[in-house]
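Examining the three-dimensional arrangement
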Amino acid sequence: MRTPPTHFNPLARLLHWLMALMIIAMLFIGAGMVTSVSARHEWLINLHKPLGIAILLLVIVRILVRLGTRQPPLPADLPGWQVMAAKASHLLLYALMLVLPLLGWAMISAAGDPVMLGRSLQLPSILPADAQVFALLRKAHGYLAYLLFLTVLLHLAAALFHGWVRRDEVLDSMLRGRSRD
Amino acid sequence: MVDRSSPPGGPQRPPLSAASLVLRLGGIAVVVAAVAGAFAYVHGNFDPQRLTPKALVDVLEKNNGVHPGFRRNHAKGVCVIGHFESSGEARPYSVAQVFNEPRTPVVGRFALPAGNPYAPDSAVPIRSLALRFTQANGQQWRTGMNSMPVFPVGTPEAFYQLQQAQLPDPATGKPDPAKVPAFFAAHPEAVPFLTWVKTAKPSASYVTETYNSVNAFYLVDASGKKQAVRWSMAPLAQDAAGAVAPEGSDFLEKDLVRRLAEGPLRFQLNLTLANADDPVNDASKVWPAGRKMLNAGTLVLEKTQPQLSGECRDINYDPLVLPAGIEGSDDPLLAARSAGYADSYLRRTSEVSQLPTGKQEARP
């Protein structure tokens with residue numbers, strides 16, 4: 001067996017930081033959009049849709065990269081509950097990154113609205129129009145987005161805990177290509 | 001993930017002093033709180049005065065009561081099915097397929113601009129017509145039009161205040177009669193609407209009214225050139241215009257069914273082209289007479305459907321669902337309508353199972 005890598009693969013790191021920016025932007029766009037009636041509402045919703053589809057495409061690539069590359073292991077001295085929390089929260093992040101854009105696409109379809117990514121770029125509907133299905137999907141989209149935001153905050157806090165308090169290699173393994181020592 | 005079988009490389013980090021540990025944990029808390037705070041700020045949590053879609057729909061519910069499953073405004077109506085026949089006259093101004101193809105299917109809805117689905121038809125002197133054109137390429141044009149030529153106010157904030165002026169007083173259960181006149185005294189932009197409404201009478205029929213977009217939009221041609229327009233649907237049958245509303249409270253739908261039994265009903269789609277100085281972002285202002293007008297084609301209505309089982313029930317007539325070739329203007333009411341309708345749509349689609357099962361007229 002080869003020695004496990006100490007750092008994430010460059011493509012994995014690129015995808016991580018690119019998607020981190022996009023997802024945080026997306027969460028803020030969503031939060032501003034649903035609480036505004038000004039021209040900002042329209043402007044934000046027109047950003048929200050194409051950005052969501054871009055995230056969907058990237059998360060598919062990212063899952064393939066994740067399955068096709070080796071990840072640096074967690075520190076051996078990490079307490080068991082933190083190992084569990086790390087694994088569960090990563091699984092949740094991946095699931096939400098995949099599910100939220102699909103829910104958005106599905107809810108627009110269920111509303112019977114054309115799925116427009118711009119003035120003329122249209123995606124097919126992925127569900128038949130159904131008001132009750134729309135209401136369910138629209139609520140799930142909202143609640144799961146808040147859950148994603150909380151999970152991102154937890155992820156951020158844990159990353160900083162590794163970097164500033166534990167001072168192990170976990171944060172470094174996503175920040176740079178090679179170990180400092 | 002594979003746990004490391006050997007201790008991490010390099011020397012063990014020296015333990016943190018208590019002060020350093022507290023400082024570092026505090027640093028993490030500050031970073032997380034800053035991100036959460038920024039999110040709450042964008043979300044409006046620190047700004048209870050911000051006009052939100054929820055606030056707009058809540059004030060309508062407070063004024064009208066909640067009628068589960070029904071639209072929060074224009075609650076009483078009837079679906080109409082038909083098509084649009086383009087004349088080709090708008091083709092030089094817009095690439096939208098609806099103006100370029102001979103025929104586009106339409107699902108529409110006539111309604112009363114009131115929040116109570118059981119309001120008598122004579123309750124308001126205004127009628128509305130919402131239309132959804134589905135183009136062959138899958139893009140849609142949705143428009144919600146009203147029989148008034150202008151909107152009372154030009155901004156969503158003023159609309160909200162007008163609704164607030166009509167809120168029932170908790171003590172009496174009735175709105176304070178002084179508040180609406182006080183609102184209009186403070187809002188001179190409402191004069192064109194008030195002048196119109198003084199002479200407006202509840203019509204006896206939906207199909208003798210002219211329905212106006214009220215808000216302005218842009219037509220966009222193949223080179224990207226924009227022309228500001230307002231549109232209206234003018235009835236081609238004028239027979240009963242001005243007729244006094246009959247007795248009873250549900251005559252509009254009956255009249256429509258009776259007329260359609262005799263044959264299709266037609267409206268002409270007129271596009272009024274703005275001059276350079278005409279107000280494009282203010283729906284409370286009239287455009288002066290003498291503007292160039294295009295006859296873009298004919299709306300042909302063929303049949304009605306009850307609103308609780310018809311195709312129009314689950315359509316959100318969001319005025320910003322537009323095909324390529326038509327764009328919204330910077331009229332602030334357009335974005336507010338889009339945002340408010342979305343909120344109302346989620347509320348009523350969540351309540352579909354609570355809708356009365358019989359005819360709409362049968363009160364639950």
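Predicted model, so just to flag it, every value in this text is computed and none were measured.

**Some points on the overall build of chain A**
- The helix and strand inventory of chain A stands at 5 helices and 2 strands.
- For chain A, the spread of C-alpha atoms along the principal axes amounts to about 55 × 30 × 30 Å.
- Of the contacts formed within chain A by residues at least 6 apart in sequence, a portion of 68% connects residues at least 24 apart.

**Concerning the overall build of chain B**
- Of regular secondary structure, chain B possesses 8 helices and 10 strands.
- By the compact-globule yardstick of 21 Å for 364 residues, chain B is too spread out, its C-alpha radius of gyration being 26 Å.
- Contacts in chain B between residues far apart in sequence, at least 24 positions, make up 74% of those at least 6 positions apart.

**Quick word on the interface of chain A and chain B**
- Each partner contributes to the interface: chain A provides 45 residues, whereas chain B provides 50 residues.
- Elements with a minimum of two residues in the side of chain A that touches chain B: helix 1 (10–33), helix 2 (39–68), helix 3 (80–110) and helix 4 (131–166) of chain A.
- If one sorts the elements of the side of chain A that touches chain B by residue count, helix 4 of chain A sits on top with 13 residues.
- For the side of chain A that touches chain B, a count of residues per class yields 25 nonpolar, 10 polar and 10 charged.

**Here's the deal with the packing of helix 2 (residues 53–64) of chain B against helix 4 (residues 156–164) of chain B**
Residue and element names in this part refer to chain B.
- Running from amino to carboxyl end, helix 2 crosses helix 4 at an angle of 25 degrees, the nearest separation of the two axes being 9 Å. Viewed along their axes, helix 2 and helix 4 adopt a mutual orientation that is roughly parallel. Crossing of helix 2 against helix 4: the hand is left-handed. Judged by residue contacts, Ala55, Leu56, Val59, Leu60 and Asn63 of helix 2 engage Pro156, Tyr160, Gln163 and Gln164 from helix 4.
- In terms of residue class, the contact of helix 2 with helix 4 is made up of 6 nonpolar, 3 polar and no charged.

**Section: the confidence of the model for chain B**
All names here are of chain B.
- With 93% of its residues at a pLDDT of at least 70, chain B reaches an overall mean of 92.
- Note on residues 1–11: pLDDT is under 50 here. Beyond four places in sequence and across chains, it has 22 contacts.
- With pLDDT under 50 throughout, residues 359–364 is counted as low confidence; its partners more than four residues away or in other chains account for 9 contacts.

**Notes on the environment of A:Pro114**
- Topologically, A:Pro114 is positioned in the loop between helix 3 and strand 1 (115–116).
- A C-alpha to C-alpha distance of 41 Å links A:Pro114 and A:Arg70, two positions 44 residues apart in sequence.
- Setting aside residues up to four positions removed in sequence, A:Pro114 forms contacts with A:Gln122, B:Gly138, B:Gln139 and B:Gln140.

**Some words on the environment of A:Phe149**
- Along the chain, the position of A:Phe149 falls in helix 4.
- Linking A:Phe149 and A:Ile23, residues 126 residues apart in sequence, is a C-alpha distance of 9.0 Å.

**Concerning the packing of helix 2 of chain B against helix 8 (residues 332–349) of chain B**
Residue and element names in this part refer to chain B.
- Running from N to C, helix 2 and helix 8 point in directions that differ by 65 degrees, and their axes come no closer than 8 Å. Our classification of the angle between helix 2 and helix 8 gives roughly perpendicular. Here helix 2 runs over helix 8; the crossing is right-handed. Together, Pro53, Lys54, Leu56 and Val57 of helix 2 and Ala336, Ala339, Gly340, Ala342, Asp343, Ser344 and Arg347 of helix 8 make up the contact between the two elements.
- Counted by class, the contact of helix 2 with helix 8 contains 6 nonpolar, 2 polar and 3 charged residues.

**Considerations on the pairing of strand 1 (residues 76–86) of chain B**
Residue and element names in this part refer to chain B.
- In terms of residue burial, strand 1 counts as a mostly covered element, since 8 of its 11 residues are buried.
- Pairing geometry for strand 1 and strand 2 (residues 103–112), over 10 bridges, is antiparallel. Counted as the bridge partner of Cys79 is Arg109 from strand 2.
- Sheet topology note: the strand 1/strand 9 (residues 293–306) ladder contains 9 bridges and is antiparallel. Its bridge partner being in strand 9, Glu85 is matched across the sheet by Thr298.

What counts, and where the lines are drawn
- Residues numbered from 1 in each chain as written.
- Chains lettered and ligands numbered in written order.
- Predicted model: local features only at pLDDT ≥ 70, side-chain atom pairs only at ≥ 80, totals over all residues.
- Helix = DSSP H or I, 4+ residues; strand = E, 2+ residues; numbered from the N terminus.
- Contact = placed C-beta atoms within 7 Å.
- Rg over C-alpha atoms; globule rule 2.2 N^0.38 Å.
- Nonpolar A, V, L, I, M, F, W, Y, C, P; charged D, E, K, R; others polar.
- Axes fitted to C-alpha atoms, helices over the stretch in contact; angles between N-to-C directions.
- Parallel < 35°, antiparallel > 145°, perpendicular 65-115°, else oblique.
- Left-handed = near helix turned anticlockwise from the far one by under 90°.
- pLDDT = per-residue confidence, 0-100.
- Buried ≥ 20, exposed ≤ 12 C-beta atoms within 10 Å, placed from the backbone.
- Pairing = 2+ DSSP bridges.

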